Amino acid sequence: MRTSRAGTPHPVLWAGWAALAAGAVLCVIGWYGVSGERFAERQLPYLASCTIPGAALIVAAAVLLAHGRDAIAAARVEELYALLVTDEPAEEEPVAEARPVAPELVTVPGGTLLHRADCPLVAGKAGAVPVDERGRGELAPCPVCEPDT
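Note that the structure is predicted; figures quoted are calculated from it, not measured. (Residues numbered from 1 in each chain as written. Predicted model: local features only at pLDDT ≥ 70, side-chain atom pairs only at ≥ 80, totals over all residues. Heavy atoms only, no water.)

Q: What is the right way to look at the pattern of salt bridges in this model?
A: Two side chains bearing opposite charge may form a pair once their charged atoms approach each other closely. All chains considered together, the criterion is met by one salt bridge. Taking the shortest distance from any N to any O, the salt bridge between arginine 116 and aspartate 118 comes out at 3.0 Å. Under the relative-accessibility criterion, aspartate 118 is labelled partly exposed at 28%. (Salt bridge = Lys/Arg side-chain N within 4 Å of Asp/Glu carboxyl O. Buried < 20%, exposed > 50% of the residue type's maximum accessible area, 1.4 Å probe, protein only.)

Here is the structure:
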C-alpha cells in the first residue's frame, strides 16, 4: 500500500484508530454494565457482548497501527532508494587524463601500503604522495588495486 502524498495519513492507520476508539467505548460500556450488577450471572452478558469484543478490537487496533507505521516506513524507504538511484550524469574528466598509461604508485603519509594512483582507497585524497624506487621495498602492495611492484 502506498500513500499518494508524503503528508497523507495511511488508510490502515485510520482503521486502527477507529478500532481503538470502538474497542475503548465497548470496554467502558462493559465495565459500566458489570459494575452495576451484583451477581456474576448478570455480569456475563456485559462481558460477552461488550468487554471481550472491545478487548479484541483494541488488539486488532494495535496490529493495524503497527502495520500502518511499517507501510509508511516502507514507502519512505522506497522514496529514498529512488532518490539514491536516479540516473543523473556525473561530470567526468576526459578518459585520456583520468588514467595514465603507466599508473603512478602513491602512498599516504604514515601508510604501510603501496597504491596505484587510481586506487579507490587513495583517489581524491590530497595527502597521497608519489613513491620513488627506494620507498617501494618498505611498503606492502595494496590488496584492492594490486600494484605491480
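That covers the picture; the talk isn't over yet.
Q: How do you make sense of helix H1 (residues 11-35) when you look at a structure like this?
A: Quick reminder: α-helices carry 3.6 residues per turn. Residues three or four places apart thus point the same way. The end-to-end C-alpha separation of H1 is 36 Å, in line with the 36 Å expected for 25 residues at 1.5 Å each. Burial in H1 covers these residues: Val12, Leu13, Gly16, Ala19, Gly23, Gly30, Gly33 and Val34. On its buried face, H1 sits against helix H2 (40-84). (Helix = DSSP H or I, 4+ residues; strand = E, 2+ residues; numbered from the N terminus. Expected span 1.5 Å × (residues − 1). Contact = heavy atoms within 4.5 Å.)

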